[in-house]
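Structure at a glance
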Amino acid sequence: MTPNYRSVTTIEGVRAYIGNNRIAAFDFETAPDAPYREEPKAALNPAKAHIVGCSFSTTIGTGIYVPIAHQSGENIDRREFLAFLAEFLMNPNIIKVAHNIAFESAMAYAQGIVIQPPVYDTMCAAQMTLKGAYEFRTLQDSGLKKLAKEVFDEDLPTFETVTAGRHFDELDGNAPETVRYGAADSDFALRLYHAFNDWFDCYLPKHRIIVENIESPTAVYLGLMKCNGIPVDVPLMEERRAAAEAEMGSIRNEIRFMIGDVNIGANCSTREFEKYLYQVLKLPVLKTTETDKPAMDDMTMTLLKEWCEQNRPELAKLFTLVQAYRKWGKIKSTYIDGYLKYVNNATGRIHPDIFALSTDTGRMNCRNPNAQNMPRKTNDPLGVRDFIKAPEGCKILSLDFSQIELRVGAFYCRDEVMMDTYRQNGDIHAATTSVIFGVSYAEAQDKHAEGYKEHRTIAKNVNFGTFYGLFPSGLQKTLKFKAGVDKSLDECAEIIANLKRGYKGLVTWQEETKADARRRSYTETWLGRRRYLPDITSNDWGRKSFAERCALNTPIQGTAADILKLAIVRILAGLPERPWLRPILQIHDELTFIVPDERLAEAVDFIRKCMEEQPFPAFDLPLIAEASAGTTFGKMEELEDF
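These figures come from a predicted structure and were not determined experimentally. Throughout this description, residue numbers start from 1 for each chain and increase along the sequence as written. This being a predicted model, a pLDDT of at least 70 is required before a residue's local features are given, and a value of 80 or more before pairs of side-chain atoms are given or counted; all residues contribute to the totals for chains, interfaces and linings. With hydrogens and water stripped out, all remaining heavy atoms of the structure feed into the side-chain values.

**Examining the sheet that holds strand 17 (residues 637-638)**
Note the threshold: Two strands qualify as a pair provided DSSP detects at least 2 bridges between them. Segments assigned H or I by DSSP are reported as helices when at least four residues long, segments assigned E as strands when at least two residues long, and all are numbered from the N terminus.
If you trace the five strands from one edge of the open sheet to the other, you get 14-15-11-16-17, paired in antiparallel fashion. Only two strands of the sheet have a single partner each, and these edge strands are strand 14 (582-587) and strand 17. Here strand 14 pairs with strand 15 (residues 590-596) via five bridges, running antiparallel. Bridge pairing links I587 to E590 in strand 15.

**Things to note about the packing of helix 13 (residues 404-413) against helix 21 (residues 541-574)**
We count it as follows: A fitted line through C-alpha atoms serves as each axis, taken over the contacting stretch for helices, and the angle formed by two N-to-C directions is quoted from 0 to 180°. Crossings are classed by handedness, with left-handed meaning an anticlockwise turn of the near helix from the far one by less than a right angle and right-handed meaning a clockwise turn. It only takes one pair of heavy atoms within 4.5 Å for two residues to be counted as in contact. Side-chain classes are defined by residue name, with Ala, Val, Leu, Ile, Met, Phe, Trp, Tyr, Cys and Pro counting as nonpolar, Asp, Glu, Lys and Arg as charged, and the others, Gly among them, as polar.
Interhelical geometry of helix 13 versus helix 21 gives an angle of 115° and a closest axis separation of 9 Å. Classified by chirality, the crossing of helix 21 by helix 13 is right-handed. Residues I404, E405, V408, G409 and Y412 of helix 13 lie in contact with helix 21, whose contacting residues are P555, I556, Q557, T559, A560 and I563. Each residue belonging to the contact of helix 13 with helix 21 can be placed in one class, and the counts come to seven nonpolar, three polar and one charged.

**So, the pairing of strand 11 (residues 394-401)**
The condition is simple: With a 1.4 Å probe rolled over the protein chains alone, any residue whose accessible area is under 20% of its type maximum counts as buried; one over 50% counts as exposed, and the rest are partly exposed.
Among the eight residues in strand 11, six count as buried, and that is most of the element. Judged from the seven bridges that link them, strand 11 and strand 15 form a sheet pairing that is antiparallel. When the bridges of strand 15 are listed, L399 appears paired with L591. Pairing analysis gives six bridges linking strand 11 to strand 16 (residues 625-630), with the strands arranged antiparallel. Its bridge partner being in strand 16, I396 is matched across the sheet by G630.

**So, unusual backbone geometry**
Of the consecutive residues P117 and P118, the connecting peptide bond is found in the cis state with omega at 5°. Looking along the chain, the bond that leaves N368 and enters P369 is cis, with omega of -5°. Phi at N368 is positive, roughly 60°, even though this residue is not glycine. Within the secondary structure layout, N368 lies in the loop between strand 10 (365-367) and strand 11.

**A short note on the pattern of salt bridges**
We apply this condition: Each reported salt bridge corresponds to a side-chain nitrogen of Lys or Arg within 4 Å of a carboxyl oxygen of Asp or Glu.
Applying the stated criterion to the full structure yields 47 salt bridges. Note that E548 and R518 form a salt bridge whose closest N and O atoms lie 3.2 Å from each other. A residue pair is termed long-range when its members are at least 10 positions apart, and E548 in helix 21 and R518 in helix 20 (residues 504-520) qualify at 30 residues. Residue classification places E548 among the buried positions, given a relative accessible area of 17%. Exposure remark for R518: the relative accessible area of 32% places this residue in the partly exposed category.

Written out as structure tokens, the structure reads:
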């Protein structure tokens, strides 16, 4: 097919091409602003770049390219075009198709435009289609040019070939090669829209619904977070870096006093330190790596410390120091040096990459840096959470789904005890304490009852593994290393047995879910997000066991992720009329915003309604979104009266 691409430089021409079509693909070409022309990848940064041109395609094999800010050739009137663009991107009657719509969303948002559904991201669609019998495409498999070759056997020219080292605005906006490159992106996004939907309709119809109604609008929201960025207190970070270095120096000196000039490196994991422990001190090898070498991880240090307390008490302090040194080293490298590395010199903020489809369950993850991985308040000696600081006159606002995975698990297994606990706004940890220790619900809630603290600690840790298949050895390790509670294997086995007797619906659901997965070789969320598990029939116990845990984990964790994304879609719809509400971060079951002080109550009310709305008709348990706010992320206080 010979494509029909052309340049259009009037609004009338753009409107005439789009006409009454209800599906239109679009794509931006961008270039760095003047101060950032020499900075790598500045053209991809909405704080440092501008839209140079925009293409549209409404019919396969056709497309128009609209030059906006080229240095040579005729451009359309920028102000008129941006007004039209806002109208187009917010039109509820046009399906806006784009490849990697998160980028288009960030660039449009920098112009004050919040793209509104219906939208369709062909990059999301690619990741929801199979590239093999049991394997979905990854982000790396989902580039436009790669897909054009794979799906249509078409070779699209690369950006480097077309620009020959220049920025895109240095090309003639009306030149055939410029027009062809720009328009092809929209044309092939439109082709992929039809190709993927044909595939979905044939093989996985529910994935099409997820792409259209959940993943594509979520991708738009990711672009808003990327554009807004996370406000950080750089002077405080630099001050805390000096404090961390001083603390590490002090600990290093104490270790040196005990072991001499043995090189411990940045993390007490050097080969020299390993030899010192096992060959010089002749300590026992209590844990090995997969290659059967002596382990040096944190669990090993804990085990060695406990062994030394019993057998070589003079050495126990060494492992306390090693753990402290590692802790401070991680804080410094991850949360100080790591965050400072990504502070944007145009905004003074961190703009991490958040991905909605990079996990098998559909949960989001974050990179560059991983801002989802901050230490908990109770384990934050340096005040890392205070690095995130609201601008003057604003608050950081977070709303967090309360125990959403436990609620989803109760919904799935239909256990009456669990469901009644949530329907009556009860205490699930007390309910679990009651069933595994044979005490009344009232006694389980009594803080003065004998064994209350230990029982509740055990119940909490059991709850978070309840639906995924607990084994005595795994529970024993979890309690020991995460909760500091020592229980024998027999005691752990009894806890699990009591749990199964108390929650009668749990075992039935687990066995039926694993049986379904074995029969079908896949598991899925309530809305149909599928995960293939070919190893579930493996003769290898380890692989089979892992697949069985995935069969139980994915419906719950994945459905919880779907529920959060459905809330995001509702929030997205309300953002155009709330330009003061700025999404900045998503952490597991929590959404975070920057809000002016005077709008706090209004924001809480709106977001909470979006999150607590029934996610789909079958879901019959209440959802609770707990709000907290503060001037920094470390000084958040619950908003109980909102």
